[in-house]
Amino acid sequence: MNAVLVYVIMSVITVCAYGLDKYKAQKGLWRIPEKTLHILELCCGWPGALLAQRLLRHKSYKKSFRIVFWIMVVLNMSLLIFVSKVGF
């Protein structure tokens, strides 16, 4: 599958997860675990997460969350570079 398509699909899923989490937070409902959001970011959804953080203003103030978010971005990009060099 084309890498760009994977990033687009995972970004859409991640934006939806962030939106659902924000909705649940506002309603006082059971939240999506931060670990789940970070897994989505790592699995090529980080562009969508970044967009959701900006547009929804969700998870954009908690410093510990942002640090792990950027670690997921670096890990994802490192894996992408590795795979492109090795040729999977």
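For the structure itself, look to the data block above.
Quick summary incoming for the structure in this document. (Residues numbered from 1 in each chain as written. Predicted model: local features only at pLDDT ≥ 70, side-chain atom pairs only at ≥ 80, totals over all residues. Heavy atoms only, no water.)

**What about the packing of aromatic side chains?**
Enumeration over the complete set of coordinates arrives at 2 aromatic pairs. Between Tyr 18 and Phe 65, the aromatic rings sit 6.3 Å apart at their centres with planes inclined by 75°, giving edge-to-face as the arrangement. You can see Tyr 18 sitting in helix α1 (residues 3–27) and its partner Phe 65 sitting in helix α3 (residues 63–86), a full 47 residues away along the chain. The pair formed by Tyr 18 and Phe 65 is uniform in burial state, with each residue classed as buried. Ring geometry for Phe 69 versus Trp 70: centroids 4.9 Å apart, planes at 75°, classification edge-to-face. Lying across the ring of Phe 65, Lys 59 places its NZ or CZ 5.2 Å from the centre. (Phe/Tyr/Trp six-rings, centres within 6.5 Å; stacked < 30°, edge-to-face > 60°. Helix = DSSP H or I, 4+ residues; strand = E, 2+ residues; numbered from the N terminus. Buried < 20%, exposed > 50% of the residue type's maximum accessible area, 1.4 Å probe, protein only. Lys NZ or Arg CZ within 6 Å of the ring centre and 35° of its normal.)

**Observations regarding the nonpolar core**
By size, the foremost hydrophobic cluster in this structure holds 14 residues, and its most contacted members are Ala 17, Tyr 18, Leu 37, Trp 46 and Phe 69. A per-element tally of this core places helix α2 (residues 34–55) first, with 6 residues. Once residues within four sequence positions are removed from consideration, Phe 69 is found in contact with Tyr 18, His 38, Glu 41, Trp 46, Ala 49, Leu 50 and Gln 53. (Core = buried A, V, L, I, M, F, W, Y, C linked by side-chain atoms within 4.5 Å. Contact = heavy atoms within 4.5 Å.)

**With respect to the environment of Ser 78**
The topology assignment puts Ser 78 in helix α3. In this structure, the C-alpha to C-alpha distance between Ser 78 and Leu 51, residues 27 residues apart in sequence, is 21 Å. At 2.8 Å, the side chain of Ser 78 and the backbone oxygen of Val 74 are in polar contact. (Polar contact = N/O pair within 3.5 Å; in protein donor to acceptor, adjacent residues only side chain to side chain.)

**What about the state of the cysteines?**
Going through the model one piece at a time under the given rule, you end up with 0 disulfides. The structure places no disulfide on Cys 16, whose sulfur is separated from the nearest cysteine sulfur, that of Cys 43, by 16 Å. Cys 44 takes part in no disulfide bond, and the closest cysteine sulfur, belonging to Cys 43, lies 6.9 Å away. (Disulfide = S-S within 2.5 Å.)

By themselves, these figures tell us nothing about what the structure is for.
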